[in-house]
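Overview (structure and organization)
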Amino acid sequence: MQRKYLLTAAALGLAIAASHASANTVLRASHQFPGGKGDVRDEMVQLMAKHVADADVGLEIEVHPGQSLFKAKEQWGALTRGRLDITALPLDYASGRHPEFSATLMPGLVRNHEHAQRLNDSEFMDMIKEVIDEGGAKVLSDAWLAGGFASSERCITSPDTVEGQSLRAAGPAFDEMLETAGASIASMPSSEIYTGMQTGVLDGANTSSGSFVSYRLYEQVECLTEPGDNALWFMYEPILISNQSWEKLNEEQQQALIEAGEAAEEYFAGEAAGLDDKMVEVFEEEGVEVVSMSQDDYDAWLEVAKESSYKTFAENVENGQALIDAALAVE
């Protein structure tokens with residue numbers, strides 16, 4: 001009799017635990033970056049998941065790295081249609097739907113990590129976040145990643161060094177600038193660069209410092225152009241939540257997510273500059289030549305950009321000139 005009572009009590013306890021677990025709201029987070037390999041964007045999402053779990057508000061984040069849930073360029077559409085809850089996304093990937101997002105990967109618009117931090121609290125980012133919200137999403141964490149160029153053919157410094165090379169750029173603004181300088185362009189997400197170089201589709205690419213390391217691009221290139229003091233390439237890669245998912249949460253859960261996002265952003269801010277240093281260290285250890293752009297190289301690229309991507313963006317994108325002006329106003 002006692003044994004029967006104990007079994008019944010144990011079963012009841014399991015049922016209560018199962019009921020409690022099933023009562024949790026589960027948010028699915030997807031991104032394209034490798035999981036468990038030290039990619040800071042995955043680490044940000046994982047940190048948010050832990051923070052939310054620790055808050056004990058009946059909320060759970062399931063993290064699906066490495067395009068295991070949605071492909072890189074499918075994530076914005078899935079997010080805004082409510083098929084995906086959270087993503088860490090290079091925002092310019094969605095510029096086909098919202099051309100304004102190309103301003104978040106505009107050559108020379110962000111000069112260094114400190115400048116990127118100042119941009120986060122600017123009119124420029126208010127304008128970008130308004131478009132994000134109208135599109136169906138909300139920013140939980142800001143993140144700007146520096147990046148550079150790498151090539152299997154020759155070092156990329158001044159504009160003339162890209163002539164005749166087949167390059168991957170990350171968005172329309174860089175595409176146009178590089179084409180104007182004489183490169184041919186092959187468009188693909190950063191997760192496909194390695195294969196593109198391995199198969200000879202690409203001679204080189206530009207991408208973030210984090211992606212250069214996590215995708216092991218040092219195995220395919222001969223020369224890396226680090227961001228250095230004259231970083232031409234900075235990309236906004238926020239953590240976003242679907243407005244549809246956000247509105248289903250109670251106030252306690254929303255607050256837990258806000259605090260989780262702040263913790264992830266703070267973590268990223270402490271890691272950002274170190275990503276560049278780690279990239280240089282890894283590539284040098286692998287025998288890749290590492291160079292930097294001079295001030296003259298940087299200025300020459302800016303002239304190309306102003307006559308190509310800046311001009312096209314201002315003429316063809318609603319509020320394009322206003323976005324550029326708002327960004328350039330941040331010193």
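The coordinates are above.
The structure contained in this document is the topic of the report that follows. In this text, all values refer to a predicted model and were calculated from it rather than measured experimentally.

Further remarks concern the packing of helix H11 (residues 295–307) against helix H12 (residues 309–316). Where H11 contacts H12, the axes come no closer than 3 Å and their chain directions differ by 30 degrees. In terms of orientation, H11 and H12 fall into the roughly parallel class. Of H12, the residues touching H11 (which contributes Leu302, Ala305, Lys306 and Glu307) are Ser309, Tyr310 and Lys311. Here the residues of the contact of H11 with H12 sort into three nonpolar, one polar and three charged.

Time to look at the sheet that holds strand E1 (residues 25–30). Read across the open sheet, the five strands follow the order E2-E1-E3-E11-E4; overall the sheet is mixed. Edge positions in the sheet fall to strand E2 (59–64) and strand E4 (137–141), since each has one partner strand and no second. Between one strand axis and the next, the sheet turns through 25 degrees on average, direction left out of account. Strand direction decides the pairing type here: E1 and strand E3 (residues 86–88), joined by two bridges, are parallel.

Further remarks concern the pairing of E4. Most of E4 is tucked away: four of the five residues are buried. Across four bridges, the pairing between E4 and strand E11 (residues 239–242) is antiparallel. Across the sheet, lysine 138 pairs through a bridge with isoleucine 241, a residue of E11.

Before going further, it helps to examine the side chain of glutamine 75. As for its placement among the helices and strands, glutamine 75 is situated in helix H3 (residues 75–80). A distance of 2.8 Å separates the side chain of glutamine 75 from the side chain of serine 30, its partner in a polar contact. Residue contacts for glutamine 75: discarding those within four places in its chain leaves Ser30, His31, Gln32, Phe70, Leu84, Thr87, Ala88 and Leu89.

Moving on, we get to the nonpolar core. In this structure, Trp76, Phe124, Ile132, Trp144, Leu178 and Leu240 are the most contacted members of the largest nonpolar core, which totals 60 residues. With residues up to four places along the chain from it excluded, the contact list for leucine 240 reads Trp76, Leu79, Asp85, Ile86, Thr87, Leu89, Leu91, Ile132, Ala137, Lys138 and Val139. Ala29, Ile61, Ala143 and Ile241 belong to the second-largest nonpolar core, a separate cluster that totals 27 residues.

A word on the pattern of salt bridges. If you walk through the whole model with that rule in mind, you get five salt bridges. Of the charged contacts, one joins aspartate 39 and arginine 41 as a salt bridge, the two residues approaching to 2.8 Å between their closest N and O atoms. Aspartate 39 sits in the buried class, given a relative accessible area of 2%. Here arginine 41 falls in the buried class, since its relative accessible area comes to 2%. Salt-bridge contacts for arginine 41 lead to glutamate 237; the nearest nitrogen and oxygen are separated by 2.8 Å. Taken together, the positions of arginine 41 in helix H2 (residues 40–55) and glutamate 237 in the loop between strand E10 (233–236) and E11 put the pair 196 residues apart, joining distant regions of the chain. The buried category is assigned to glutamate 237, whose relative accessible area is 3%. Through salt bridges with shared partners, a single ionic network connects Asp39, Arg41 and Glu237.

With that out of the way, let us pick up unusual backbone geometry. Of note, the phi angle at glutamine 67 is positive, near 60 degrees, even though the residue is not glycine. Phi angles above zero are rare outside glycine, and asparagine 319 is one such case at about 65 degrees. Summarising the element assignment, asparagine 319 is placed in the loop between H12 and helix H13 (320–328). A relative accessible area of 48% places asparagine 319 in the partly exposed class.

Next up on the list: the packing of aromatic side chains. Overall, the coordinates contain five aromatic pairs when judged by the stated rule. A ring pair is formed by tryptophan 144 and tyrosine 236, whose centres lie 5.1 Å apart and whose planes are at 40 degrees; its orientation type is tilted. In this pair, tryptophan 144 is assigned in strand E5 (residues 144–151) and tyrosine 236 in strand E10, connecting sequence segments 92 residues apart. We classify tryptophan 144 as buried; its relative accessible area is 3%. Cluster of aromatic residues (ring-pair linked, three or more members): Phe212, Tyr218 and Phe283. The cationic tip of lysine 73 hangs over the ring face of tyrosine 93; the distance from NZ or CZ to the ring centre is 5.2 Å. Sitting above the plane of the tyrosine 194 ring, arginine 216 keeps its charged end 5.1 Å from the centroid.

What counts, and at which threshold
Residues numbered from 1 in each chain as written. Predicted model: local features only at pLDDT ≥ 70, side-chain atom pairs only at ≥ 80, totals over all residues. Heavy atoms only, no water. Axes fitted to C-alpha atoms, helices over the stretch in contact; angles between N-to-C directions. Helix = DSSP H or I, 4+ residues; strand = E, 2+ residues; numbered from the N terminus. Parallel < 35°, antiparallel > 145°, perpendicular 65-115°, else oblique. Contact = heavy atoms within 4.5 Å. Nonpolar A, V, L, I, M, F, W, Y, C, P; charged D, E, K, R; others polar. Pairing = 2+ DSSP bridges. Buried < 20%, exposed > 50% of the residue type's maximum accessible area, 1.4 Å probe, protein only. Polar contact = N/O pair within 3.5 Å; in protein donor to acceptor, adjacent residues only side chain to side chain. Core = buried A, V, L, I, M, F, W, Y, C linked by side-chain atoms within 4.5 Å. Salt bridge = Lys/Arg side-chain N within 4 Å of Asp/Glu carboxyl O. Phe/Tyr/Trp six-rings, centres within 6.5 Å; stacked < 30°, edge-to-face > 60°. Lys NZ or Arg CZ within 6 Å of the ring centre and 35° of its normal.

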